[in-house]
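# Commentary on secondary and tertiary structure
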Amino acid sequence: MANIRENVKDGKIVSYRFTACVGRDIRGKQIRKFATWTPPAGLSPSKERRAAERAAEDWEDGIRTEYQKEQEAKAQGIAYSLPPEKRRDDFIDFIQNTWIPLQVKSGNNKPTTVVFYMHTVNRITEYFKGYTLQAITPPDIQKFLIYLRTEYKSKNGNPLSAKSVRHIYGTLNLIFKYAEEQEMIAKNPMNKVPAPKKEKKPVDALTEEQAQDFFAAVNECEIDFKCMLYLLITTGIRRGECVGLKWSDIDEKNSTVTIQRGVSYTPESGIVVSTPKTANSIRTIPLIPTTLLLLREWKAKVQKDHPDTILVDAFIFPSKNDLFAARDPNSVTRRVKRFMRNNGLPDLSPHDLRHSCATLLLAQGADIKSVQNILGHADASTTLNFYVKSDLRQMRAATEKYAAAFNL
């Protein structure tokens, strides 16, 4: 007989979880099936329990019959698959033992992407424990998203940001899309769940006045860090792209730098050198004269310290003990933040210096397409949505040009 367990939330029974053994595998391990049953409203506790027992009995009869058909088909060498409407796959089991191994840990994702999905999935599995894949409805998902926005708190006691809720929504989209592709569900519930609204937050970036203070402070830094800061703020490269640079990526004749690799770090994988974030991230960016001069100065110092080393394949900003080993990109963040703090500048990260590069370029009249290509955005709309905004001074200049054009 199927095992019946109550799923309780806020002191009330919200559903029942059915578990049944339909057989054993070749190692003698039980093959178990799971289902979640939600009782109709208005039943007394005793009637609800009896209804759950009847539902569990009917469900168990159905899955045993289907399992028997599956075994008979297998014995005859015939492929057999339950129709979606008769499947009762445990949602958590599907995520952890099907979707993650085949879609997340398939070898096609970068280590940081794997960590991102593993972290995001935890919030999904916490909430949907006891649900079957086929039983989850659009209202169930909408209630989950409302819970994330209004009740959920992180370990630090903080609510989730709108961006995090959108990430979870996107992950659910991928999970159910894959289930639909594998014909495990008859209908994709995500098709009827609208995406959470984007929260527009101002980009953290240096103003023109702060940039003047920034460059003055940079002049007091050691040559290697001075080079790094100039690259971050004048080329807009990401921190992983910065520590992924090799001397062969610098074209002194044409005064350019080519971005063709990135470095990431996760506790599970350690430091990994791979391709940049996206295909559009592989790009060639012009270097301003000052940055090129600083790079030449830094290269001369490295060559002097390592006279017998050919630097072509060496990293520009290597690990502490090996010119040919990449450094942890997290060390760049720590160093940049310490620099900003010690010089009375805004508490910005390396990525904020990327934002600063974009906003300062646009403020000086750079066209959107050029900024898009410098940053490596796939779409100009990303550049527009993130960085194009006017302050009162720019708006006043625009209206003055308008007035001058018509002698107003």
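Bear in mind the structure is a predicted one, so any value in this text is a computation, not a measurement.

Here we come to the confidence of the model for the protein chain. Averaged over every residue, the pLDDT of the protein chain is 88; the share at 70 or more is 93%. Of all secondary-structure elements in the protein chain, the lowest mean pLDDT belongs to helix 13 (residues 380–387), at 66, while helix 10 (residues 329–342) reaches the highest, 96.

Inspection of every chain in the model, using the stated rule, returns 13 salt bridges. Between Glu 241 and Arg 238 there is a salt bridge; the shortest N-O distance is 2.6 Å. Here the two residues Glu 241 and Arg 238 agree in accessibility, since each one is buried. Here the salt bridges do not stand alone but share partners, grouping Glu 222, Asp 224 and Arg 335 into one network.

Right, let's get into unusual backbone geometry. Even without being glycine, Asp 10 reaches a positive phi, approximately 55 degrees. The topology assignment puts Asp 10 in the loop between strand 1 (3–9) and strand 2 (12–24). Accessibility expressed as a relative area gives 72% for Asp 10, which makes it exposed. Of note in the backbone geometry, Glu 183 takes a positive phi value of approximately 60 degrees without being a glycine. Mapping Glu 183 onto the fold places it in the loop between helix 5 (162–181) and helix 6 (208–218). Of the residues examined, Glu 183 reaches a relative accessible area of 59% and is grouped as exposed.

Our focus in this paragraph is the sheet that holds strand 1. Read across the open sheet, the 3 strands follow the order 1-2-3; overall the sheet is antiparallel. Each edge of the open sheet is held by one strand with a lone partner, namely strand 1 and strand 3 (30–37). Geometrically, the sheet is characterised by an average inter-axis angle of 25 degrees between neighbouring strands, direction not taken into account. Where strand 2 meets strand 3, 8 bridges bridge the pair, whose relative direction is antiparallel. Residue pairing in the sheet places Phe 18 in a bridge with Ala 35 of strand 3. Sheet contacts for helix 1 (residues 45–75): strand 1, strand 2 and strand 3; angle to strand 2, the most-contacted strand, approximately 30 degrees.

Moving on: the packing of helix 2 (residues 91–104) against helix 5. Where helix 2 contacts helix 5, the axes come no closer than 11 Å and their chain directions differ by 90 degrees. As far as their axial angle goes, helix 5 and helix 2 are roughly perpendicular. Here Phe 91, Phe 94, Ile 95, Thr 98, Trp 99, Leu 102 and Gln 103 of helix 2 lie close against helix 5, whose contacting residues are Thr 171, Leu 172, Leu 174, Ile 175, Phe 176, Tyr 178 and Ala 179. Classifying every residue of the contact of helix 2 with helix 5 gives 11 nonpolar, 3 polar and no charged.

This part takes up the packing of helix 7 (residues 223–235) against helix 10. The contact between helix 7 and helix 10 brings their axes to 12 Å, and the two run at 90 degrees. With respect to their mutual orientation, helix 7 and helix 10 come out roughly perpendicular. Residue-level contacts link Asp 224, Phe 225, Met 228, Leu 229 and Leu 232 of helix 7 to Val 332, Arg 335, Val 336 and Phe 339 of helix 10. Taken together, the residues of the contact of helix 7 with helix 10 break down into 7 nonpolar, no polar and 2 charged.

So, how was this worked out
Residues numbered from 1 in each chain as written. Predicted model: local features only at pLDDT ≥ 70, side-chain atom pairs only at ≥ 80, totals over all residues. Heavy atoms only, no water. pLDDT = per-residue confidence, 0-100. Helix = DSSP H or I, 4+ residues; strand = E, 2+ residues; numbered from the N terminus. Salt bridge = Lys/Arg side-chain N within 4 Å of Asp/Glu carboxyl O. Buried < 20%, exposed > 50% of the residue type's maximum accessible area, 1.4 Å probe, protein only. Pairing = 2+ DSSP bridges. Axes fitted to C-alpha atoms, helices over the stretch in contact; angles between N-to-C directions. Contact = heavy atoms within 4.5 Å. Parallel < 35°, antiparallel > 145°, perpendicular 65-115°, else oblique. Nonpolar A, V, L, I, M, F, W, Y, C, P; charged D, E, K, R; others polar.

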